[in-house]
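Okay, here's what each chain looks like letter by letter:
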Amino acid sequence: MTHFIDIVDHSTDWLQHVLDVAHALRAQRQAGQTNQPILAGKTLAMIFEKPSLRTRVSFQQAMYELGGNGIVLHQQEVGLGQRESVADVTRVLCGMVQGIMARVFEHEKLRQMAEHATVPVINALSDHSHPCQALADIMTIRDEFGEDLTGRTMAFVGDGNNVSRSLARLCSKLGMNFTLAAPEGYTLESELFDRINRDVPGVTAKQISDPIEAVKDADVIVTDTFVSMGQEEEKEQRLPIFAPYQVNAKLLSQAPEHAIVLHCLPAYRGVEITDEIMDGPRSRVFPEAHNRLHAQKGLLAVLLGNA
Ligand code: CP
Ligand code: NVA
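All of these numbers come straight from a predicted model, not from anything done at the bench.

*Asks:* So what's going on with the pairing of strand 7 (residues 205–208)? Which residues, and what values?
*Replies:* The pairing of strand 6 (residues 177–181) with strand 7 spans 4 bridges and is parallel. Within strand 7, the residue paired with A181 across the bridge is I208.

Below you can see the structure in the form of structure tokens.
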């Protein structure tokens, strides 16, 4: 039984396998065939402490297309850690469903779930990480540059947040260099970079403050909201600090011509990214969003279907 809480918990081979299954299931669907009902009789419980469009629809649709079932549970009804302890909610669900995914404010809740679960637990975003998004992003990058991403470079321009943390990890697992350009005080923990640079020979991971420096040799430029869910009170303080980190035509003019742009969405157009870039020829933002469905399928097929 395997959980999917953080990228760092998994080997490169395992992650590549999930991606390969995802690409294969997508190819089948795109050829007009239906996927085999490999999750028939299986149900995924999906707990949401925060709003969602992509994660909710992609998981529910993935379960449906693989012959299984998904049950959405909102925090107002479940009261995870409030109405009932995380451990007890987990124990109850494990007697009824074959998998649990949860979007939580505190990452620690996912760790507690995993500790008490007898079925796989999936991180659908926490304050710490968003590994499901990273899988879909890598699918999108593979679509552009092929399966072997060794030596490619990702520049994440913006916040040292859940999304950039998972991408830093997944890039390093796949031999990609990673640069975070973030304002002082909004970077990721330096130990993450120290560990990657120490443990993964040939990969460079760094964080700097200059967005131009970050994009100048990037194959992929990624951004995300400057104000993540749960940080709404910091909005006024954050927006002026992050203003120089907007992904716009001026910044893109400093990047290699082949560089593509990703954003996990939802996007605040005109804030972290301009319409011109979101809707322009270098944007892969919507295929990236659609790849959430396929990435989820790969993950569920492996975790719940032993693919
Ligand atoms: N990118 C992402 O996770 O989107 P949602 O918040 O809509 O699920
Ligand atoms: N960093 C963002 C991602 C949203 C999908 C957040 O946590 O709100």
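*Asks:* Just give me the short version of the pattern of salt bridges, but keep the residues and values in it.
*Replies:* Applying the stated criterion to the full structure yields 18 salt bridges. Of the charged contacts, one joins D219 and R152 as a salt bridge, the two residues approaching to 3.2 Å between their closest N and O atoms. With D219 in the loop between helix 9 (211–215) and strand 8 (220–223) and R152 in the loop between helix 6 (131–145) and strand 5 (153–157), the pair connects residues that are 67 residues apart, well separated along the chain. D199 is the partner of R198 in a salt bridge, and the nearest nitrogen-oxygen pair spans 3.1 Å.

*Asks:* Give a detailed account of helix 2 (residues 54–65), specifying residues and quantitative values.
*Replies:* In a regular helix each residue adds 1.5 Å, so 12 residues correspond to 16 Å; helix 2 covers 16 Å between its end C-alpha atoms and thus fits that length. Immediately downstream of helix 2, the backbone of G67 shows phi near 90 degrees, a positive value.

*Asks:* Run through the site of ligand 2, naming residues and quoting values.
*Replies:* Ligand 2 sits among L125, N161, N162, V163, D224, T225, S228, M229 and L265. One of the side-chain nitrogen or oxygen atoms of N162 is found 2.8 Å away from an oxygen atom of ligand 2. S228 is positioned with one of its side-chain polar atoms (N or O) 2.7 Å from a nitrogen atom of ligand 2. Relative to its unbound accessible area of 270 Å², ligand 2 is 95% covered by the protein chains. Among the residues making up the shell around ligand 2, the classes are represented as 4 nonpolar, 4 polar and 1 charged.

*Asks:* Lay out the packing of helix 4 (residues 86–94) against helix 5 (residues 107–116) with the relevant residues and their values.
*Replies:* Look at helix 4 against helix 5: their axes get within 9 Å of each other, and the N-to-C directions meet at 45 degrees. Of the possible angle classes, the one that applies to helix 4 and helix 5 is oblique. Handedness of the helix 4/helix 5 crossing: right-handed. The residues of helix 5 that touch helix 4, namely those facing V86, A87, T90 and R91, are K109, Q112, M113 and H116. For the contact of helix 4 with helix 5, the class distribution of residues is 3 nonpolar, 3 polar and 2 charged.

*Asks:* Outline the sheet that holds strand 7, supporting the account with residue identities and numerical values.
*Replies:* Reading across from one edge, 7-6-5-8-9 is the order of the 5 strands in this open sheet, with parallel pairing throughout. Each edge of the open sheet is held by one strand with a lone partner, namely strand 7 and strand 9 (260–263). Strand-to-strand, the axes of this sheet are offset by a mean angle of 20 degrees, without reference to chain direction. Docked against the sheet, helix 6 engages strand 5, strand 8 and strand 9, running at close to 165 degrees with respect to strand 9.

*Asks:* Give a detailed account of the sheet that holds strand 1 (residues 43–48), specifying residues and quantitative values.
*Replies:* Paired through their backbone hydrogen bonds, the strands of a sheet run either parallel or antiparallel. Strand order in the open sheet made by the 4 strands is 2-1-3-4, with parallel pairing throughout. Either end of the sheet is taken by a strand with one partner, and the two such strands are strand 2 (69–74) and strand 4 (121–123). Between one strand axis and the next, the sheet turns by 20 degrees as a mean value, whatever way the strands run. In this structure, strand 1 lies alongside strand 2, joined through 6 bridges in parallel fashion. Within strand 2, the residue paired with L44 across the bridge is G70. Running at roughly 170 degrees to strand 1, helix 2 makes contact with strand 1, strand 2, strand 3 (99–103) and strand 4 of the sheet.

*Asks:* Pulling in residues and values, what's your account of the pairing of strand 6?
*Replies:* Strand 6 sits mainly inside the fold: 5 of its 5 residues count as buried. Sheet topology places strand 5 next to strand 6; 5 bridges connect them, and they run parallel. Each residue of the ladder has a partner; that of T153, found in strand 6, is N177. Handedness of the strand 5-helix 7 (residues 162–173)-strand 6 crossover: right-handed. Each parallel crossover has a hand, and for strand 6 linked through helix 8 (residues 190–199) to strand 7 it is right-handed.

Parameters and conventions
Residues numbered from 1 in each chain as written. Chains lettered and ligands numbered in written order. Predicted model: local features only at pLDDT ≥ 70, side-chain atom pairs only at ≥ 80, totals over all residues. Heavy atoms only, no water. Pairing = 2+ DSSP bridges. Helix = DSSP H or I, 4+ residues; strand = E, 2+ residues; numbered from the N terminus. Salt bridge = Lys/Arg side-chain N within 4 Å of Asp/Glu carboxyl O. Expected span 1.5 Å × (residues − 1). Near = heavy atom within 4 Å. Polar contact = N/O pair within 3.5 Å; in protein donor to acceptor, adjacent residues only side chain to side chain. Areas by Shrake-Rupley, 256 points an atom, 1.4 Å probe, with all protein chains shown as cover. Nonpolar A, V, L, I, M, F, W, Y, C, P; charged D, E, K, R; others polar. Axes fitted to C-alpha atoms, helices over the stretch in contact; angles between N-to-C directions. Parallel < 35°, antiparallel > 145°, perpendicular 65-115°, else oblique. Left-handed = near helix turned anticlockwise from the far one by under 90°. Contact = heavy atoms within 4.5 Å. Buried < 20%, exposed > 50% of the residue type's maximum accessible area, 1.4 Å probe, protein only. Right-handed = clockwise from strand over helix to strand, strands pointing away.

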